[in-house]
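Each chain, written out:
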Amino acid sequence: MKHSRRTLSLAMALLLVFALAPAEGLIPVAHAVTQEQIDNLKNASKELANESSKLKLQLAELKDQRSSAIQRKNLLDQQIALTTQQIDNTEKQISGFEAMLAQTAYELEENRKQEEAQYAVFCERARVMEEAGSSSYWAVLFKADSFSDLLSRLSDVQEVMNYDQGVLDELRRLQESIRAKQEEQEELMAQTEEAKTELETHKADLDQQRTEAEALVAEIEENVDEYQEQLDELNAEREQIQAEIVKKSNELAQQMNMTATKGGYIWPETVSRRITSPMGGRNTGIPGASTNHKGVDIGGVGYTTNVLATKAGVVITSKLSSSYGNYVVISHGPGNTTLYAHMSSRAVKEGDTVTQGQIIGVTGDTGISRGAHLHYEITENGSRVNPLDYLPNYIKGW
Ligand SMILES: [Zn+2]
């Protein structure tokens, strides 16, 4: 269990801190004790910071994965909507062909009835002729009493035969063309039905992919939640360290006979008066950056502005962290500290005594930061207070 091991090492570091704390009544040797204590805190904090930045990186990656999975799911949704429309369209085409084929079937039936009727007429004529005493057309012809009568009779019979034949031929031609039309329509309907089947297969495939994308999103969400939980735990532990630092500053103040004071801060630099982000809730847009801003950001300071101790005190932290970058914490008395973060370099070390206005570092863009700025925090009575109350004539830049 990585997590409990980390907690244990933190607990041991803190234990060591208190084991080394001076016993009551002894003459305090401020620097020796402070350095030991802060070294131990520093190690514990460093370990947490390392783990925190790893988690933040994993979280950012997961969030990337999640947004691309969601994007993929949305694209699939669009494709499914389009395919559904296509299926709808082919269904309309199929019902159109069905209506056309019904019309064609009706035409064929009408044609068949006409042909039947015409054939019946033909048969009836032949029957009547036979009943009139002749067994065939030939009989009619033999009744001719002259050659011209024969020709006339022949012509009449031929004409009747030709007429009947012509009507039947015409009906057959019509039937053929209707059948050809029917075949063509059936062919087109078969093609459309095939297209519809293909579209349905495609849609089933898309549905399957969408289900998978949804499952992936859910899985990533779960991982994100898990990492976020770990990160929250880690942040809680860092807050605990912060509390220990406050405690240490109080002990140090006691050892050095510092008394509790409030206010009396100067600006932490002399170049800019522009505040780009106030204290409190905000949306940073940077993965891993604090959404509950613990101090103010001073913009327009670039990478070369001297950072000044806003009040006299003793440096209790001077280090590089993954979130604050190069930062310095100065204790000014019991529960009273100032913090200066994202500096490009630091000019003081832990245990140093500083005067008000003394240079403690140079502004920069280290740690979780977007563009050069100075992050500045004030703690009084162990709680963070709004630095704007101590930054006269600031310009609102947010
Ligand atoms: Zn800030």
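Rules and cut-offs
- Residues numbered from 1 in each chain as written.
- Predicted model: local features only at pLDDT ≥ 70, side-chain atom pairs only at ≥ 80, totals over all residues.
- Helix = DSSP H or I, 4+ residues; strand = E, 2+ residues; numbered from the N terminus.
- Buried ≥ 20, exposed ≤ 12 C-beta atoms within 10 Å, placed from the backbone.
- Pairing = 2+ DSSP bridges.
- Core = buried A, V, L, I, M, F, W, Y, C linked by C-beta atoms within 7 Å.
- Contact = placed C-beta atoms within 7 Å.
- pLDDT = per-residue confidence, 0-100.

1. With respect to the overall build of the protein chain
- Looking only at helices and strands, the protein chain has 4 helices and 14 strands in total.
- By residue count, 23% of the 398 residues in the protein chain fall in the buried class.

2. Re the sheet that holds strand β5 (residues 306–308)
- Read across the sheet, 3 strands follow the order β5-β11-β9 without closing on themselves; strand pairing throughout is antiparallel. Every interior strand has two partners, whereas the edge strands, β5 and β9 (345–346), have only one.
- Here 3 bridges tie β5 to strand β11 (residues 359–362), and the two strands are oriented antiparallel to one another. By the bridge assignment for β11, Val307 is matched with Gly361.

3. What to know about the pairing of strand β12 (residues 374–380)
- Burial analysis of β12 places 6 of its 7 residues in the buried class, which makes it a mostly covered element.
- Sheet topology places strand β4 (residues 296–298) next to β12; 3 bridges connect them, and they run antiparallel. Across the sheet, Asp297 pairs through a bridge with His375, a residue of β12.
- Across 5 bridges, strand β8 (residues 336–343) lies against β12 in antiparallel orientation. Each residue of the ladder has a partner; that of Thr337, found in β12, is Thr379.

4. Brief notes about the pairing of strand β7 (residues 325–333)
- Counting buried positions along β7 gives 9 out of 9 residues, so the element sits mostly inside the fold.
- Where strand β6 (residues 313–321) folds back onto β7 in an antiparallel hairpin, the turn is made up of 3 residues.
- Bridge count between β7 and β8: 6 bridges; the pairing is antiparallel. Along β8, the bridge assignment pairs Gly333 with Asn336.
- Here β7 hands over to β8 after 2 residues, with Gly335 in that stretch at a positive phi of 70 degrees.

5. Describing the nonpolar core
- Judged by nonpolar contacts, the single largest core of 29 residues is most densely connected at Val307, Tyr327, Val328, Ile330, Tyr340 and Ile360.
- Elements represented by at least two residues in this core include exactly α4 (147–255), β4, β5, β6, β7, β8, β11 and β12.
- Residues within four places of Ile330 in sequence aside, it is in contact with Ala309, Gly313, Val314, Val315, Thr337, Thr338 and Val354.

6. Re the confidence of the model for the protein chain
- Residues at a pLDDT of 70 or more form 82% of the protein chain, whose mean pLDDT is 79.
- Mean pLDDT across the elements of the protein chain bottoms out in helix α1 (residues 2–19) (44) and peaks in β5 (98).
- Under a pLDDT of 50 for its full length, residues 1–33 has, in the predicted model, 27 contacts with residues more than four places off or in other chains.
- pLDDT under 50 marks residues 284–290. Its contacts with residues more than four places away, or in other chains, come to 13 contacts.

7. As for unusual backbone geometry
- With phi around 70 degrees, His342 is a residue other than glycine that occupies positive phi space.
- Along the chain, the position of His342 falls in strand β8.
- In this structure, Asn393 is a non-glycine residue whose phi angle is positive, near 65 degrees.
- By the element assignment, Asn393 lies in the loop between β13 (383–385) and β14 (395–396).
- Overall, Asn393 belongs to the exposed group, with 6 C-beta atoms counted inside 10 Å.

8. Considerations on the environment of Glu110
- Checked against the element boundaries, Glu110 lands in helix α2 (residues 30–131).
- On the basis of neighbour count, Glu110 is assigned to the exposed category, with 12 C-beta atoms found within 10 Å.

9. Concerning the environment of Ala69
- With respect to the helices and strands, Ala69 occurs in helix α2.
- Remark: the alpha-carbon pair of Ala69 and Leu216, spanning 147 residues in sequence, is separated by 7.0 Å.
- Those residues in contact with Ala69, other than ones at most four positions away along the chain, are Ala213, Leu216, Val217 and Ile220.

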